[in-house]
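# Coordinate inspection notes
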Amino acid sequence: MRENKNSVMSQAAMLAASNLFLHLLGFAYRIALSRLAGPEGMGIYMLVMQVYAILYSVCLSGVCVAVTAISAKLVARGDDAGIRRLVRIAVAAFILLFALMALPVVLFPQFIGAALLGDPRTVQALYLVLACIFLTGIENIFKSVFHGIRQVKYAIVSEVGEQLLRIGLVLLLLNRFSNGDYGHTAFLILLGMTLSEIYSSIFLLTSFLRRFVHRALKRKSRPEGLAREFRGIMMPVAATSIISNMFSSVATILFPARLVVAGFTRSAAVSALGILSGMAAPLMFLPVPVINSLCTVLLPNVAASVAHSDPAGVRRKVKKALLITAIFALPVTFSLLPFVPKLCMLLFGQPIGPTLALLLAVHTAITYFLFVSISILNAVGEQRKILTYAIIAEAFQLGLVWLLTAVPELNIYGYLFGMILGDGVRLALNLKRVRLVIFR
């Protein structure tokens, strides 16, 4: 039988090939970036990105999941009018949330940079975070539609073009305008990111208009029903992402502060954040293109099976996703273990020990399964359970990070122990729910 070009596996393969190329490209970019910015510059950049992560969580996480899940159902019914209305609802929701979140950043940048992020050098990049998030929002709403209708080629073209532009722009800006001020370095990186978003926003908007505006509209959704379904998915997903990212951001911000308690200087603590999050962790996440691709196509495909009342199809797709994660991500992640310390020294000029690499590998493997389990539960409408489990596990994780990172004998290892145990608890709860809902 000829393979359906819109099947889970064929879509995942297309996205995986694209994402692998982008990941390798991004990896080379990160090497160049770390050498131009240095460990402390990367640390300041990572602190600024915590604001980006929180804004993304509030403004976009729930919106994008809702658009993907609902558009998958609408396209199965041939409801192009419904998809157009869905986009209008999503854009209105995003702009409202963006306006609410942008206000405190505009009014209190000094307080956010110096008091909340703990480093006044982050202040000058905060306004660019707003511009970047706005463009990212427009891009991701249309990208989510194309994921939902299983037309991943549009997302692939957008992402490849954006990444190439970002790399060229950021490296050019750093080479021409870097002055040794690490806050200015973070500003230049965000400027390049923002400019690259312009291309992808325009491309996806134009592609959406060509795909939907001139098509015959044979069926129309009830507006109140569509808006209610959108809110029902968006709100718990957004709440989950907000809580997860806020806890994660707090942990990232606390990491240098608790290392100071453990005996590090402030400069050494910020450099440790740059080395761990900006250099060592990306080495361990080399298999992530396959897992991200799988999660991207899993949600609309499982949601479509749910819409067609096909429990056997749901079980088949979920089993396949978990199997792929196990047979691909785990061997690849742990096979990298002996090479990560040497690669980190060779590529970034920064040493890490084998124990640190092992803890990173364990956390990475847990994270892959966590991504897949969240996609599965979102597809079957279990957003409220995802939220409950996130609150429990993230609070537990933050408490461990606070306690263990400040122990002089543990320091960085204490932080990783906290991350592993917290995400491990969340994964266990998610998998238990998957078993109860899908395989009962």
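The structure displayed is predicted, hence computed values, not measured ones.

What counts as what
Residues numbered from 1 in each chain as written. Predicted model: local features only at pLDDT ≥ 70, side-chain atom pairs only at ≥ 80, totals over all residues. Heavy atoms only, no water. Helix = DSSP H or I, 4+ residues; strand = E, 2+ residues; numbered from the N terminus. Rg over C-alpha atoms; globule rule 2.2 N^0.38 Å. Buried < 20%, exposed > 50% of the residue type's maximum accessible area, 1.4 Å probe, protein only. Contact = heavy atoms within 4.5 Å. Expected span 1.5 Å × (residues − 1). Salt bridge = Lys/Arg side-chain N within 4 Å of Asp/Glu carboxyl O. Axes fitted to C-alpha atoms, helices over the stretch in contact; angles between N-to-C directions. Parallel < 35°, antiparallel > 145°, perpendicular 65-115°, else oblique. Left-handed = near helix turned anticlockwise from the far one by under 90°. Nonpolar A, V, L, I, M, F, W, Y, C, P; charged D, E, K, R; others polar. Polar contact = N/O pair within 3.5 Å; in protein donor to acceptor, adjacent residues only side chain to side chain. Disulfide = S-S within 2.5 Å. Phe/Tyr/Trp six-rings, centres within 6.5 Å; stacked < 30°, edge-to-face > 60°. Lys NZ or Arg CZ within 6 Å of the ring centre and 35° of its normal. 1 Å grid on protein atoms, 1.4 Å probe; cavity = no way out; pocket = protein on both sides within 12 Å on 5 of 7 lines; lining within 4 Å. Points joined across faces, edges and corners; volume = space filled by probe spheres on them.

## Comments concerning the overall build of the protein chain
Of the regular secondary structure elements, the protein chain holds 14 helices and 0 strands. In the protein chain, the succession of helices and strands from N to C terminus is α-α-α-α-α-α-α-α-α-α-α-α-α-α. Its C-alpha radius of gyration of 21 Å places the protein chain within 12% of the 22 Å reference for a compact globule of 440 residues. Out of the 440 residues in the protein chain, the part that is buried amounts to 57%. Here the analysis covers contacts within the protein chain between residues at least 6 apart in sequence; of these, 83% occur between residues at least 24 apart.

## Side note on helix α13 (residues 383-405)
Over its 23 residues, α13 extends 32 Å from the first C-alpha to the last, a length consistent with the 33 Å expected when each residue adds 1.5 Å. Among all positions of α13, only Gln383, Ile386, Leu387, Tyr389, Ala390, Ala393, Glu394, Gln397, Leu398, Leu400, Val401 and Thr405 are buried.

## Regarding the pattern of salt bridges
All chains considered together, the criterion is met by 9 salt bridges. Across the salt bridge formed by Lys143 and Glu159, the nearest N and O atoms sit 3.3 Å from each other. One end of the pair, Lys143, is in helix α4 (residues 126-148); the other, Glu159, is in helix α5 (residues 152-177), with 16 residues separating them in the sequence. Given a relative accessible area of 11%, Lys143 falls into the buried group. A residue is classified by how much of its surface remains accessible, and Glu159, at 18% relative accessible area, is buried. In this structure, Glu394 engages Arg426 in a salt bridge whose closest nitrogen and oxygen atoms are separated by 3.2 Å. Residue Glu394 is located in helix α13, and its partner Arg426 is located in helix α14 (residues 412-438); the two are separated by 32 residues in the primary sequence. Residues Glu394 and Arg426 agree in their burial class; the two are buried. Here the residues in one salt-bridge network are Glu40, Asp119 and Arg121, joined through shared partners.

## A word on unusual backbone geometry
The phi angle at Arg150 is positive, at roughly 60 degrees, despite the residue not being glycine. Summarising the element assignment, Arg150 is placed in the loop between α4 and α5. Backbone geometry at Asn411 places phi at a positive 40 degrees, although glycine is not the residue there. One can find Asn411 in the loop between α13 and α14. The class for Asn411 is buried, based on a relative accessible area of 15%.

## Looking at the packing of helix α12 (residues 354-379) against α14
Remark: α12 packs on α14, axes separated minimally by 9 Å, with the N-to-C direction vectors making an angle of 25 degrees. Classed by the angle they form, the pair α12 and α14 counts as roughly parallel. Both α12 and α14 take part in a crossing whose hand is left-handed. Its residues assigned to classes, the contact of α12 with α14 shows 20 nonpolar, 6 polar and 3 charged.

## As for the side chain of Glu159
For Glu159, the side chain forms a polar contact with the side chain of Lys143, separated by 3.3 Å. Not counting the four nearest positions on each side in its chain, Glu159 is found in contact with Asn19, Leu22 and Lys143.

## Structural notes on the state of the cysteines
One covalent bond between the sulfur atoms of two cysteine residues makes up a disulfide. Counted according to the given criterion, the structure contains 0 disulfides. A disulfide-free cysteine, Cys132 has its sulfur positioned 12 Å from the sulfur of Cys59, the nearest such atom. By relative accessible area, which is 0% here, Cys132 ends up buried.

## Here we look at the packing of aromatic side chains
Applying the stated criterion across every chain, the model contains 9 aromatic pairs. Geometrically, the ring pair formed by Phe94 and Phe134 is tilted, given 6.0 Å between the ring centres and 35 degrees between the ring planes. Of this pair, Phe94 sits in helix α2 (residues 80-107) while Phe134 sits in helix α4; the two residues are 40 residues apart in sequence, bridging distant segments of the chain. Cluster of aromatic residues (ring-pair linked, three or more members): Phe94, Phe98 and Phe134. Lying over the aromatic face of Phe177, Arg176 brings its terminal NZ or CZ to 5.8 Å of the ring centre. Here the guanidinium or amino end of Arg258 rests over the ring plane of Trp402, the centre of that ring lying 3.6 Å away.

## Things to note about the layout of surface pockets
Computed from the structure, the largest pocket encloses a volume of approximately 390 Å³. Taken together, 18 residues line the largest pocket, and the ones lying closest to its centre are Val51, Ile54, Ile112, Leu116 and Met246. Secondary structure elements with two or more residues in the lining of the largest pocket: α1 (8-76), α2, α3 (109-116) and α7 (223-261). Taken together, the residues of the lining of the largest pocket sort by class into 16 nonpolar, 2 polar and no charged.

## Some thoughts on the side chain of Asn378
Checked against the element boundaries, Asn378 lands in helix α12. Once residues lying within four places of it in the same chain are set aside, the contact partners of Asn378 are Val65, Val237, Leu299, Gln383 and Ile386.

## Looking at the packing of helix α8 (residues 266-284) against α12
The geometry of a pair of packed helices is captured by two quantities: the angle between their axes and the separation between those axes. Packing of α8 against α12 leaves a shortest axis separation of 9 Å and a crossing angle of 70 degrees. Taken together, the axes of α8 and α12 are roughly perpendicular relative to one another. Once α8 is placed against α12, the crossing between them reads as right-handed. Residues Leu276, Ala280, Ala281 and Met284 of α8 form the contact with α12, whose participating residues are Leu356, Ala357, Leu360, Ala361, Thr364 and Tyr368. Considered class by class, the residues forming the contact of α8 with α12 number 9 nonpolar, 1 polar and no charged.

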